[in-house]
Amino acid sequence: MKFTLQATDKQCRARAGLMETAHGTIETPIFMPVGTSGTVKAVHQHELVDDIGAQIILGNTYHLYLRPGLDVLNRAGGLHRFNGWDKPILTDSGGYQVYSLTEVRKIKEEGVTFRSHIDGSKHLFTPENVMDTQRIIGADIVMAFDECTPYPCDYSYAKRSLDMTHRWLKRCCERFDQTQPLYGYEQTLFPIVQGSVYPDLRARSAETIASFERDGNAIGGLSVGEPAEEMYAMTELVCNILPTEKPRYLMGVGTPVNILENIALGIDLFDCVMPTRNARNGMLFTKEGIINIKNKKWEADFSPIDATSDLLADRVYTKAYLRHLIRSQEILGAQIASLHNLHFYLWLVGEARKHILAGDFLAWKNKMVVQLDERL
């Protein structure tokens with residue numbers, strides 16, 4: 001993987017760059033739609049490309065390991081061949097999913113023993129076998145296996161967890177470097193900064209992560225319940241330490257406002273289930289603010305979802321019709337709302353990139369964050 005920094009805003013740390021991978025070039029800053037089980041929920045692959053403008057999607061190691069399973073993925077020739085997506089893919093390591101299985105997992109130095117949420121079967125994830133699993137899945141960018149600490153989290157636990165995450169990272173790197181990709185193209189490994197909301201732990205983790213000199217770096221353990229101000233403070237601290245010539249990925253973030261504020265702090269890549277999950281519940285993100293399409297005020301609003309959008313669904317379907325679909329729990333409602341929200345997120349990072357390249361990002365961002373938070 002090659003990363004080229006094209007521009008940095010003179011008034012903040014926002015950056016525009018190009019990430020070259022085996023499955024194509026990604027323009028940053030970028031948002032990655034989440035395809036947990038090999039699919040972005042309710043969205044076809046051709047819609048991701050033609051309507052949404054997605055350049056890279058995310059897969060989840062934990063879910064893909066359980067279903068369809070590694071044998072099927074291997075026989076298919078990897079996730080790209082299995083799901084028909086020929087652009088870049090990033091897989092997270094499953095650490096966050098295992099973290100969320102609080103009642104059915106046990107963390108040790110060797111790794112994490114957990115029970116499947118599907119059938120209760122027992123499994124073990126180690127740094128080594130998670131690297132092997134991501135080799136089989138075949139993502140362009142794979143993530144190190146880490147422990148994501150909860151919020152709030154006491155200092156002593158955060159420190160112990162961080163030290164183990166760093167030991168696990170060494171094992172991940174050794175296994176990754178000892179093995180070869182399986183499908184004829186290169187993969188790259190990103191380490192993950194942890195440390196909860198403790199500045200000294202975050203700083204130490206960022207320095208440790210940077211010392212491994214991988215092609216890119218990630219920041220994990222944020223957007224897990226802490227106030228936005230703490231998220232921004234930790235992101236700023238870490239971005240001041242991580243090398244500028246490598247891409248920075250903030251995991252699991254977030255709202256449109258979160259994304260713009262973190263772009264201003266120097267983040268290049270984002271992912272979050274919010275645009276699709278909230279879409280299925282009737283929440284639409286727009287340039288003017290947030291719409292809860294279930295509200296009665298939209299019942300007889302026969303205007304397009306967004307007349308200014310270049311997304312066909314936004315111009316063809318009305319707010320009243322989408323409200324009817326969502327309230328009736330029709331599958332088409334989830335499809336239209338998911339298309340709208342993902343298109344909006346990709347539009348937003350695309351506009352951010354244009355303004356970074358034009359040199360007026362900060363003024364545009366400051367205006368946008370006020371609008372984006374409005375409830376319509």
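Just above, that's the structure.
Predicted, not measured: the structure shown is a model, and the values here were computed from it. (Residues numbered from 1 in each chain as written. Predicted model: local features only at pLDDT ≥ 70, side-chain atom pairs only at ≥ 80, totals over all residues. Heavy atoms only, no water.)

Undergrad: So what exactly am I meant to see when it comes to the overall build of the protein here?
TA: Within the protein, the secondary structure is distributed over 15 helices and 17 strands. Taken over the C-alpha trace, the protein has a radius of gyration of 20 Å; the compact-globule value for 376 residues is 21 Å, and the two agree within 12%. With the principal axes as the frame, the protein shows a C-alpha extent of 60 × 50 × 40 Å. Here the protein holds 376 residues, and 57% of them are scored as buried. A fraction of 68% describes how many contacts in the protein between residues 6 or more apart in sequence connect residues 24 or more apart. Summing over all exposed atoms, the protein offers an accessible surface of approximately 15500 Å²; the carbon and sulfur share of this is 50%. Charge centroids of the protein, computed over 41 positive and 46 negative side chains, lie 3 Å from each other. (Helix = DSSP H or I, 4+ residues; strand = E, 2+ residues; numbered from the N terminus. Rg over C-alpha atoms; globule rule 2.2 N^0.38 Å. Buried < 20%, exposed > 50% of the residue type's maximum accessible area, 1.4 Å probe, protein only. Contact = heavy atoms within 4.5 Å. Areas by Shrake-Rupley, 256 points an atom, 1.4 Å probe, with all protein chains shown as cover. Lys, Arg positive; Asp, Glu negative; His and termini not counted. Charge placed at Lys NZ, Arg CZ, Asp CG, Glu CD.)

Undergrad: Before we go on, may I ask you to explain the sheet that holds strand β7 (residues 105-107) in this structure?
TA: Pairing between the strands of a sheet comes from backbone hydrogen bonds, and it takes one of two forms, parallel or antiparallel. Ordered in space as β7-β8-β9, the three strands form an open sheet in which the pairing is antiparallel. The two strands at the open ends of the sheet, each matched to only one other strand, are β7 and β9 (122-125). Direction aside, the axes of adjacent strands within the sheet are offset by 15° on average. Here three bridges tie β7 to strand β8 (residues 112-115), and the two strands are oriented antiparallel to one another. By the bridge assignment for β8, K106 is matched with T113. (Pairing = 2+ DSSP bridges. Axes fitted to C-alpha atoms, helices over the stretch in contact; angles between N-to-C directions.)

Undergrad: Please explain the nonpolar core as it appears in this structure.
TA: It is characteristic of soluble globular proteins that their nonpolar side chains tend to be buried jointly. One finds F31, M143, Y249, L260, I263 and F361 to be the most contacted residues of the largest nonpolar core, which totals 108 residues. Counting residues per element, this core draws most heavily on helix α14 (residues 331-358), at eleven residues. (Core = buried A, V, L, I, M, F, W, Y, C linked by side-chain atoms within 4.5 Å.)

Undergrad: Help me understand the side chain of R248 in this model?
TA: With respect to the helices and strands, the residue R248 is situated in strand β14 (residues 248-250). D268 is the oppositely charged side chain nearest to the buried, salt-bridge-free R248, at an N-O distance of 5.2 Å. With residues near it in sequence (within four places) discarded, R248 still touches R13, R15, N217, C239, L242, P243, G266, I267, D268 and L269. (Salt bridge = Lys/Arg side-chain N within 4 Å of Asp/Glu carboxyl O.)

Undergrad: Before we go on, may I ask you to explain a positive patch on the surface in this structure?
TA: A grouping of K106, K108, R115 and K122 is seen on the molecular surface, where their side chains present a positively charged patch. With respect to the element layout, R115 can be found in strand β8. (Patch = residues over 30% accessible without salt bridge, like charges linked within 9 Å, V, L, I, M, F, W, Y side chains within 5 Å.)

Undergrad: Help me understand the sheet that holds strand β11 (residues 188-190), please; the structure alone is not making it clear to me.
TA: Within the open sheet, the four strands sit side by side as β5-β6-β10-β11. Their pairing is parallel. Sheet topology places β5 (57-60) and β11 at the edges, where each strand pairs with a single neighbour. Here the strands of the sheet are splayed against their neighbours by 25° on average, with no regard to which way each runs. Two elements, strand β10 (residues 141-143) and β11, share three bridges in a ladder whose sense is parallel. Its bridge partner lying in β11, M143 is registered against F190.

Undergrad: I tried to follow the environment of P243 on my own but got confused; where do I start?
TA: Secondary-structure assignment places P243 in the loop between α9 (228-239) and β14. Residue class for P243 comes out buried when judged on its relative accessible area of 17%. When the C-alpha positions of P243 and T25 are compared, they lie 21 Å apart, and in sequence the two are 218 residues distant. Discounting chain neighbours no more than four positions away, the residues touching P243 are A210, N217 and R248.

Undergrad: How do you make sense of the pairing of strand β2 (residues 15-21) when you look at a structure like this?
TA: Across the seven residues of β2, five count as buried, placing the element largely inside the fold. By the bridge criterion, six bridges tie strand β1 (residues 2-8) to β2 in an arrangement that is antiparallel. Its bridge partner lying in β2, F3 is registered against M19. In sequence, β1 turns back onto β2 through a hairpin of six residues. Sheet topology places β2 next to strand β3 (residues 24-28); five bridges connect them, and they run antiparallel. Bridge pairing links M19 to I26 in β3. Between β2 and β3, which pair antiparallel in sequence order, lie two residues.

Undergrad: I would appreciate a short explanation of the layout of surface pockets in the present structure.
TA: Gaps left between atoms show up when a probe the size of a water molecule is rolled over them. Roughly 760 Å³ of internal volume is contained in the largest pocket. Lining the largest pocket are 33 residues, with Y96, Q97, G252, D271 and V273 sitting closest to its centre. When residues of the lining of the largest pocket are assigned to their parent elements, the largest contribution, four residues, is made by helix α11 (residues 274-280). Class assignment for the residues of the lining of the largest pocket results in 13 nonpolar, 14 polar and six charged. Quantified by volume, the second largest pocket comes out at close to 250 Å³. (1 Å grid on protein atoms, 1.4 Å probe; cavity = no way out; pocket = protein on both sides within 12 Å on 5 of 7 lines; lining within 4 Å. Points joined across faces, edges and corners; volume = space filled by probe spheres on them. Nonpolar A, V, L, I, M, F, W, Y, C, P; charged D, E, K, R; others polar.)

Undergrad: Mind showing me how you'd approach the pattern of salt bridges here?
TA: Side chains carrying opposite charge are able to pair once their charged atoms draw close together. In this structure the tally under the stated criterion is 13 salt bridges. Residue K354 is joined to E351 by a salt bridge in which the shortest nitrogen-to-oxygen separation is 3.1 Å. Pair noted here: K354 and E351 are both in helix α14, with a separation of three residues, about one helical turn. By relative accessible area, which is 52% here, K354 ends up exposed.

Undergrad: Would you mind showing me how to read helix α1 (residues 45-52) here?
TA: An α-helical turn contains 3.6 residues, so a residue and the one three or four places further along point in the same direction. Listing the buried residues of α1 in full gives Q45, E47, L48 and I52. Buried positions along α1 lie against β5, α4 (79-83) and α14. Positive backbone phi, at 80°, marks G53, one or two positions downstream of α1.

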